[in-house]
Amino acid sequence: MLITGIKSKPVYAPLQPDLRGRYHLMVGHGIGADPLLRVLSDSQAAEPSAGTRTRVLYTRDVAGQEQFCDQFRAAGAADVRSFERSDALLETLNVVLSESLMGTRLYVAGPESFIGLVMRTALQFNLNKDEIRAEECGTLARRVYCIHCRSAIENVRTNITQCTCGRWLVVRDHYSRRLAAYMGVMVDAEAPGERPPVKEVFL
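Residues numbered from 1 in each chain as written. Predicted model: local features only at pLDDT ≥ 70, side-chain atom pairs only at ≥ 80, totals over all residues. Heavy atoms only, no water.

Participant: Where do I start with the sheet that holds strand β7 (residues 152-156) in this structure?
Facilitator: By definition, the strands of a sheet pair up through backbone hydrogen bonds, in either a parallel or an antiparallel sense. With mixed pairing, five strands are arranged side by side in an open sheet as β7-β6-β10-β9-β8. Edge strands, defined here as strands with exactly one partner in the open sheet, are β7 and β8 (160-162). The sheet shows a mean angle of 45° between the axes of neighbouring strands, direction not considered. Direction of pairing for strand β6 (residues 142-146) relative to strand β10 (residues 181-186): parallel, over a ladder of three bridges. In the sheet register, V144 faces β10, and the bridge partner there is Y182. (Pairing = 2+ DSSP bridges. Helix = DSSP H or I, 4+ residues; strand = E, 2+ residues; numbered from the N terminus. Axes fitted to C-alpha atoms, helices over the stretch in contact; angles between N-to-C directions.)

Here's what the structure looks like:
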């Protein structure tokens, strides 16, 4: 049911600083703080004033990650904001991007579902691929879009999942950047009630 090799499936690379950027906006979720701290350190080493032009938006996913904000401040980031929920971070990201100046570089790190939502927001402000960098880390759980009722299901870890509309969906590898989600298609459309075993595949 899962089709591999789909060209729309995102490919991520380790984050690296872009020293051509005048301003740096870092957006992280959970252990995504680690690669962002690495980039901040590399930026500071190459250009000591980089931290004064760096803004961080961060949300934790488990208890005990509050120290990451202190680490960003200690590393020299000029503005560090923490959020309890990703949706609150995304609301602030909208405001920050609306106020951003030419030459801003966006760095994103965290689970793919989080990256997708951040990228979708960035594209609304016409940031191009040369201005955005992303590194996937943490859970592989997917955000799935039901093509039948047009709703999104968060944190899907299995090959088959049930939508709020009641349909059982197979999670495809086809990814939509516009929707920031993988496509979910009714698994038993041709043979109602016949479904393959549900397996955890996105851990």
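Participant: What should I look at first to understand the pairing of strand β5 (residues 132-136) in this one?
Facilitator: The two faces of the sheet receive side chains in turn, since in a regular strand these alternate between them. Relative to β5, strand β4 (residues 104-110) runs parallel, the two sharing five bridges. The residue bridging Y107 from the neighbouring strand is R133, located in β5. For the crossover that starts at β4, traverses helix α4 (residues 112-124) and ends in the parallel β5, the hand is right-handed. (Right-handed = clockwise from strand over helix to strand, strands pointing away.)

Participant: Any chance you could explain the pattern of salt bridges here in plain terms?
Facilitator: All told, the structure shown has 12 salt bridges when counted by the stated rule. The residue R133 makes a salt bridge to D18 at a minimum N-O spacing of 3.4 Å. Taken together, the residues R133 in strand β5 and D18 in the segment before β1 (23-29) connect sequence positions 115 residues apart. Residue R133 is classed as partly exposed on the basis of its relative accessible area of 23%. Salt bridges here are not isolated pairs; linked through shared partners, they connect D18, R20, R105 and R133. (Salt bridge = Lys/Arg side-chain N within 4 Å of Asp/Glu carboxyl O. Buried < 20%, exposed > 50% of the residue type's maximum accessible area, 1.4 Å probe, protein only.)

Participant: How should I be thinking about the packing of helix α1 (residues 33-46) against helix α2 (residues 67-74) in this particular structure?
Facilitator: When two helices pack together, their arrangement is captured by the angle between the axes and the distance separating the axes. Where α1 meets α2, the axes come as close as 10 Å, and the angle between the chain directions of the two elements is 5°. When the axes of α1 and α2 are compared, the pair comes out roughly parallel. The residues of α2 that touch α1, namely those facing A33, D34, L36, L37 and L40, are F68, Q71 and F72. Here the residues of the contact of α1 with α2 sort into six nonpolar, one polar and one charged. (Parallel < 35°, antiparallel > 145°, perpendicular 65-115°, else oblique. Contact = heavy atoms within 4.5 Å. Nonpolar A, V, L, I, M, F, W, Y, C, P; charged D, E, K, R; others polar.)

Participant: Could you clarify how one ought to interpret α1 in this entry?
Facilitator: Residues spaced three or four apart along an α-helix point in a common direction, a consequence of the helix completing one turn every 3.6 residues. If you check α1, its first and last C-alpha atoms are 20 Å apart, about what 14 residues at 1.5 Å a residue would give, namely 20 Å. Regarding α1, the residues found buried are A33, P35, L36, L37, V39, L40, S43 and Q44. Along its buried surface, α1 packs onto β1, β2 (54-59), α2, β4 and β5. (Expected span 1.5 Å × (residues − 1).)

Participant: Could you clarify how one ought to interpret the sheet that holds strand β3 (residues 79-83) in this entry?
Facilitator: Read across the open sheet, the five strands follow the order β3-β2-β1-β4-β5; overall the sheet is parallel. At either margin of the open sheet sits one strand with a lone partner, and together these are β3 and β5. Going across the sheet, the axis of each strand differs from the next one's by a mean of 10°, ignoring polarity. As judged from the six bridges shared by β1 and β4, these two strands associate in the parallel manner. Across the sheet, Y23 pairs through a bridge with T104, a residue of β4. Set on the sheet, helix α3 (residues 86-99) makes contact with β1, β2 and β3; between it and β2 the angle comes to about 160°. Across the sheet, α4 is in contact with β1, β2, β4 and β5; its angle to β4 comes to roughly 160°.

Participant: Would you take a moment to explain the nonpolar core for this structure?
Facilitator: A general trend in soluble globular proteins is that nonpolar side chains are found buried together. If you look at the biggest cluster of nonpolar residues, it comprises 31 residues, and the most contacted ones within it are L25, V27, L57, L93, L106 and V118. For this core, the secondary-structure elements that each account for two or more residues are β1, α3, β4, α4, β5, β6, β7 and β9 (168-176). If you tally residues by element for this core, the top one is α3, at six residues. With residues near it in sequence (within four places) discarded, L93 still touches L25, V27, L57, V118 and T121. In terms of nonpolar packing, the next biggest core, distinct from the first, is built from 17 residues, L36, L40, F68 and C69 among them. (Core = buried A, V, L, I, M, F, W, Y, C linked by side-chain atoms within 4.5 Å.)

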